[in-house]
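Chain residues, written in single-letter form:
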Amino acid sequence: MVGSQQMLKAGARCTLCPAGCGVLRVRVGPDSWRIDPPLEGAAGLCPRGAALGELLTHRDRILWPVCVEAAGRRQIDLSAAAAAIVQAAGERDLLVFLDGNVPCEQIAQAAAWCQAWPKARLCVVIEPADEQLLLGAEASGADYLADDALGDCDGFVLIGDVFAANPCCARGIFQRRAEDSRTPIVAIDPAAGTAAKFATHAVQAGVGQEALALAAVAAAAGVEARLPGAPSPAEMPSATAAGKAIARCGRLGVIVAAEYGRSTAWRQVGYLAGRLAAALGGGLACQTVGANALAALRCGRKLGTVPLVEALADRAAAWVVIGGDLLGMLGWMPQGILAAAAALSNRTTEAAEFVLPLALTAEMGGTVLLGGAREADVEPILPPPAGVPTGAEIVAQLARAAGIRPPQAASGPLATERLSVEPPAESGNGQAPAAPVLLFARQAAQAGCGALTAHGSWQQATQPLPELRISAADAAELAIRHLATVHVSAAGLSVDAKAQVCQLLPDGVVVLPEGTAAARRLAMCQVDEAAGQVVARPVTVEITP
Amino acid sequence: MSEVMEKRVLVDLDRCIECRSCAAACFHSHAGFPAVSFARAGWALLPMICRQCKAAACVDACPAEAMTRDANGVVRRGLFRCIGCGSCARACPFGVIPNELGGTPAGCRSPQGLTGHQVAKCDLCEDRTAGVPDAVPRCVAACPSGALQFADEHEAEKQHLQVVGGRSTADHLFKRR
C-alpha cells in the first residue's frame, strides 16, 4: 500500500479552513482516491479534509451542463449552455456570484471578464458573518496570526467554538499551556462549545452579547474599547476577571469564529478583538469558512466587485451562482436562479434553470492567503475531470457567448495589502429573543453550510441527523430524552435533529450545527440595506419530541 | 521484537477537542470500518483506540479465529474470517472495539465492505507505517491538537503522560491462566 502513495508537491493543501493542512493523496482504485495526512510532519487533518479525496471522485459529481426543462433534464455542452444562459438573461443584467474560497487568480480573472462586460457584475461571496468580522479586523489594524504563531502567545481569548472552526489552532494553545500552566485562556461562547471547556476564564455572555462581553473584557484589561451598552464590571464579573487575567500578557492571541446566526455585531467583534490583540502585543486569528476568505474580501473590494448586500438586493438581475451554495448559505428557500455551477448538487443547483459542472477548489492551483497571515502557492490535489471548468473559465465562457473579447486580468499584491476600512459604528446588539433561543455552532465535520462535505460518506454515516445540544434543565422541562429525535421548528419551517443533553450549555439556549443547510432555514439571512450587511439573527424555536 | 510492537496510540485527555478527526481518518482508510469509537465521560467525548493487549481477550473470544496476532505483535482482524458476531467487542475489557457507529451496527453499515458483517479492528495502520521509520498511524497523524501520540510507555513517562489505570497494554491483568 505504501507503494501506491504518491507524495504531492509541498504546496498541496486542504483549503476548507485557514489551517491549510498538508495532504497526501492515495490511489485506492482505478479512478478513486483517498486523502491521508502526510507520512512525515503531519500536523492534523480534520474530517472535512479527510473527505476531500472521496469528494473529488464522488459518484454523484456533476460532469456535464444540464438544462432543466418541463420535460426533464437535458444534457448540453458548455458553449451551448453559455449561449443559452446569455439568451435566457435577455435584457436583464447578469449578476455573477463567485465563491470566494478559490485562489486569488480565479477572482482576478473573473473580475476582469465582468469589468469588460457592461451587462455583467461580479460578487465575490464569503459567509456574511465572516465578511463583517473581517471588515472589523481590517479596520483594527491588528496583525493576523497563523496557527504556528499561536504557540508564541502568552494568553488567549477564544470567541466562538474556534476548535471546531479550525481544530489545528488548538495545538499551539495546548503547547503554550504545557509550557506554562498559568497561561490564561478566556472563552466567550454563549453556546458553550468545545473551546469553552478548556477555558481558564469562561465569560458568561448572553445570546448575541459577544461584542459587549469582549468590550467588558478589554476594559478590564485596561484597553480602551467603548461600546454603548457594554456592561459594567459589577454587571459581568466573569468578564472583569478574564480581563484582569490577560492584562499582563505581552503577546495576546485572539481567535474568533463568526458563527452563523449568532450576532449582528460581528464587525464590532472583529474591530474590538483586533484592538485588544494589538494593544497587548499580539494578533488576531479569524477562523473563517474557507482558507481564503480574507484574500477574497480584499480582492473583491480592490477589483470593484459588488458587495453581497447590494447583490442580494438586486432581484431584477439574472443570477448566476458559481461555486458554493448561495441559497443554503443564506438559509433561503428555492427561488429564481438562472444558472448554478457546482461540483456536487446543493440547494442552489436544485433551484437553477441551468446546472453547470465546476472544478473544486482542491483541483485549482494558485495563491491562497491562509488565515490572512501566510501567502501560499497551493498546488491542486488532482486536476479537474476532463471538460470540467473552473469558475473563471465559466465566466469567460459566458462573456464570450455575449461577444466580449478577452480582457487583461489584474495583477499585483491584491490579497496581501490591507483594506482601508472605517471603524464600525458603535452599536450594540438588539434584545435577545425569548427562550428557547436557537444558536448555530461550527463543526469540525462540515465546511460552511455543508453543501460539499455533506456528500461525504463518513459525514452521512455518523450524522444522519444534525445534533441539537440542549441543557439538562430544558430537556427535562420539554420531556426530551438524550439521543431522542426531536422536531425543531420556527416560522413554519422545521428540521429533525437528535437531542444531545449538554451539561455545560446554559438554560434557554439550544444549538444546531451551522453546517446543515436545512437547519439554517430556521434563522434565514436578511438583507439589511440600511446597515449595509446581510444578517442572520438568533430566533426562538419550538422543540417537540 | 519490533518497534511497532512496543508502540501504542496514547490519548492525552487534556488535549482532545472532540473533533473526531481520528475516526474520520480511520474510516476513510479502512473501507468504512473505523476502529476508533467514542465514550462520553462527563463533559468529554473521548476516543477509544485499541491498546494491542499482549494478552488479548478479543483473540480468545473470537469463535472464527479471525482475530490473530501477526508477526509484528499487532492484533488484526482477518477480513475473510470475521463473521461480525461481536464477541470480540464484548470481550474487550477496554471497550475499544466498536460494535456500533451512528446508532447502527458497524458491521452492517459499510457500503464498501466485502461482506455485510464485520467488526472494525485497529491494525495500527501497518500499511502506512511499515518500512517508514517516522510514520505514525493515520489517527495520530490526523489529530490536529496533538492529543493522540504513537509512543511506547517509556516515551509517555518522559512526557509526563499518565497512563490511565497504570497500564497501557494489559499484559498482566488479562493474561491467560
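Some details on the overall build of chain B
From N to C terminus, chain B includes 7 helices and 8 strands. Counting all 177 residues of chain B, 46% fall into the buried class. Pairs at least 24 apart in sequence give 65% of the contacts found in chain B among residues at least 6 apart.

Quick word on the environment of Pro545(A)
Residues and elements named next belong to chain A. For Pro-545, the location among the structural elements is in the segment after β27 (542-544). C-alpha of Pro-545 to C-alpha of His-487: the two residues are 58 residues apart in sequence and 6.3 Å apart in space. Ignoring anything within four residues of it in the chain, the contact list for Pro-545 reads Ala-479, Ile-480, Ala-484 and Val-486.

Section: the sheet that holds strand β22 (residues 493-502) of chain A
All names here are of chain A. On the basis of which strands lie adjacent, the open sheet formed by 7 strands has the order β26-β19-β23-β20-β22-β21-β27 and mixed pairing. Sheet topology places β26 (539-540) and β27 at the edges, where each strand pairs with a single neighbour. Here strand β19 (residues 437-441) runs beside β26; their pairing, made up of 2 bridges, is antiparallel. Opposite Leu-438, over in β26, you have Val-539 as the bridge partner.

What about helix α2 (residues 21-29) of chain B?
Residue and element names in this part refer to chain B. Of all 9 residues in α2, 9 are buried, a share of seventy percent or more. By the burial criterion, the buried members of α2 are Ser-21, Cys-22, Ala-23, Ala-24, Ala-25, Cys-26, Phe-27, His-28 and Ser-29. Phi for Ala-31, located one or two positions after α2, is positive at around 50°.

Examining the interface of chain A and chain B
Tallying the contact residues gives 32 residues for chain A and 30 residues for chain B. Among the elements of the structure, β3 (32-36), α1 (47-50), α6 (162-165), α7 (169-179), α8 (194-197) and α17 (457-462) of chain A are those that each provide at least two residues to the side of chain A that touches chain B. The element best represented in the side of chain A that touches chain B is α17(A), accounting for 4 residues. Of the residues assigned to the side of chain A that touches chain B, the class counts are 21 nonpolar, 5 polar and 6 charged.

Things to note about the domain arrangement of chain A
Buried accessible area, meaning the area lost when the parts come together, often serves as the stated size of an interface. Residues and elements named next belong to chain A. Looking at chain A, the domain boundaries give domain 1 (2-56), domain 2 (66-126 + 292-401), domain 3 (144-286) and domain 4 (437-544). Computed over C-alpha atoms, the centres of domain 1 and domain 4 are 30 Å apart. Between domain 1 and domain 4, the contact holds 7 residues from the first and 11 residues from the second. Of all the secondary structure elements, the ones that give two or more residues to the side of domain 1 that touches domain 4 are α1 and α2 (52-56). Its residues assigned to classes, the side of domain 1 that touches domain 4 comprises 5 nonpolar, no polar and 2 charged.

Notes on the sheet that holds strand β10 (residues 185-188) of chain A
Residue and element names in this part refer to chain A. Taken in spatial order, the 6 strands make up an open sheet running β8-β13-β12-β9-β10-β11, and their pairing is parallel. Each end of this open sheet is capped by a strand with a single partner; those strands are β8 (143-144) and β11 (201-203). With 4 bridges joining them, strand β12 (residues 252-256) and strand β13 (residues 283-286) adopt parallel strand pairing. Looking at the pairing, Ile-255 lines up with Ala-285 of β13. Here helix α10 (residues 237-246) sits on the sheet in contact with β9 (155-159), β10, β11 and β12, set at roughly 140° to β11.

Here we look at the packing of helix α5 (residues 128-140) of chain A against helix α12 (residues 293-302) of chain A
Residue and element names in this part refer to chain A. Relative to each other, α5 and α12 sit at 75°, their axes nearing to 10 Å. Put simply, α5 runs roughly perpendicular to α12. For the pair α5 and α12, the contacting residues are Asp-130, Glu-131 and Leu-134 in the first and Ala-293, Leu-294 and Leu-297 in the second. Taken together, the residues of the contact of α5 with α12 break down into 4 nonpolar, no polar and 2 charged.

As for the pairing of strand β14 (residues 318-322) of chain A
Two faces make up the sheet, and in a regular strand the side chains alternate between them. Residue and element names in this part refer to chain A. In terms of burial, β14 is largely enclosed, as 5 of its 5 residues are buried. Note: strand β6 (residues 94-99) against β14, 5 bridges, orientation parallel. In the strand pairing of β14, Leu-98 is matched with Ile-322. Pairing of β14 with strand β15 (residues 337-342) involves 3 bridges; the strand directions are parallel. Each residue of the ladder has a partner; that of Val-320, found in β15, is Ala-339.

Here we look at unusual backbone geometry
Cis geometry is adopted by the peptide bond preceding Pro436(A), which originates at Ala435(A) and carries an omega value of -5°. Positive phi, close to 45°, is recorded for Ala192(A), a residue that is not glycine. Along the polypeptide, Ala192(A) turns up in the loop between β10 and α8. Note on Ala192(A): 24 C-beta atoms within 10 Å, which makes it buried. Backbone geometry places Leu124(B), a non-glycine residue, at a positive phi of 55°. Tracing the sequence through the fold places Leu124(B) in the loop between β7 (104-105) and α5 (126-129).

So, the nonpolar core
All names here are of chain A. Core analysis: the biggest nonpolar cluster contains 260 residues, and Val-96, Val-186, Val-217 and Leu-276 have the highest contact counts within it. With 10 residues, the top contributor of residues to this core is helix α9 (residues 210-220). Discounting chain neighbours no more than four positions away, the residues touching Val-217 are Val-157, Val-186, Val-203, Ala-239, Ala-242 and Gly-243.

Rules of the game
Residues numbered from 1 in each chain as written. Chains lettered and ligands numbered in written order. Predicted model: local features only at pLDDT ≥ 70, side-chain atom pairs only at ≥ 80, totals over all residues. Helix = DSSP H or I, 4+ residues; strand = E, 2+ residues; numbered from the N terminus. Buried ≥ 20, exposed ≤ 12 C-beta atoms within 10 Å, placed from the backbone. Contact = placed C-beta atoms within 7 Å. Pairing = 2+ DSSP bridges. Nonpolar A, V, L, I, M, F, W, Y, C, P; charged D, E, K, R; others polar. Domains from an automatic or database assignment. Axes fitted to C-alpha atoms, helices over the stretch in contact; angles between N-to-C directions. Parallel < 35°, antiparallel > 145°, perpendicular 65-115°, else oblique. Core = buried A, V, L, I, M, F, W, Y, C linked by C-beta atoms within 7 Å.

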